[in-house]
Amino acid sequence: DRLIVSVHEREPVALLALGALYLVDAKGVIFKRVESGEHFDYPILTGLTREDLDDEVSTDRAELSERMVRGALRLLKAWGHSEFGKDVPISEVRMDPVFGYAVVVSQAAGGAGGAVLMLGRGALKEKLGRLEAVLADARRREKRVAEVRLDDERDPLRVAVRFRSSTPAPAEPGSNGRRGRG
């Protein structure tokens, strides 16, 4: 004659943007709306709307959206286990049912800060390996990456890289090259 209560606290691994921000656990369960004044340092998952996950939408659309969230969480986990993932933190995972996944890396990520990395769909482990080689080469050459495309379905081995300009933006006419007034 006893009652046993077991409480398991959900551990957030990401924020899901659905008009408002929600905490998501490793299984893709949305469990709390982020309230005003609360601050969390997790990657943000974007690209879906509240309607995509609503019970009133078609079952196919809701299932696809749930698969996209779980796929984004697998991507975050694989990224965290990669060699470069510890040095290049993700700030955002963009989800698109047609084009797959794109990652925006944190500004604190050395030469890749703010870069958009288009991963597309499938072959994540292989794509992360190619991405690691691209980022290592850019670091060695002291280049700042702006964009990497690993999403070519016709040629999955193709990698396209765009670097940031190393020259400062030109001054506006009549500005003496300085910002501000005067």
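Since we're looking at a predicted model, the values are computed, not measured.

Empty space within the largest pocket amounts to approximately 240 Å³. Taken together, 14 residues line the largest pocket, and the ones lying closest to its centre are Gly-71, Arg-74, Tyr-101, Arg-121 and Gly-122. Take the lining of the largest pocket: its biggest share by element is 6 residues, from helix α1 (residues 59-81). Broken down by class, the residue content of the lining of the largest pocket amounts to 8 nonpolar, 3 polar and 3 charged.

This brings us to the pairing of strand β7 (residues 116-120). For β7, the tally of buried residues reaches 5 of 5 residues, placing the bulk of the element in the interior. Side chains Val-116, Met-118 and Gly-120 of β7 all project onto a buried face; the interleaved residues Leu-117 and Leu-119 project onto the opposite face, where all are buried too. Direction of pairing for strand β6 (residues 100-105) relative to β7: antiparallel, over a ladder of 4 bridges. Counted as the bridge partner of Val-103 is Leu-117 from β7.

Parameters and conventions
- Residues numbered from 1 in each chain as written.
- Predicted model: local features only at pLDDT ≥ 70, side-chain atom pairs only at ≥ 80, totals over all residues.
- Heavy atoms only, no water.
- 1 Å grid on protein atoms, 1.4 Å probe; cavity = no way out; pocket = protein on both sides within 12 Å on 5 of 7 lines; lining within 4 Å.
- Points joined across faces, edges and corners; volume = space filled by probe spheres on them.
- Helix = DSSP H or I, 4+ residues; strand = E, 2+ residues; numbered from the N terminus.
- Nonpolar A, V, L, I, M, F, W, Y, C, P; charged D, E, K, R; others polar.
- Buried < 20%, exposed > 50% of the residue type's maximum accessible area, 1.4 Å probe, protein only.
- Pairing = 2+ DSSP bridges.

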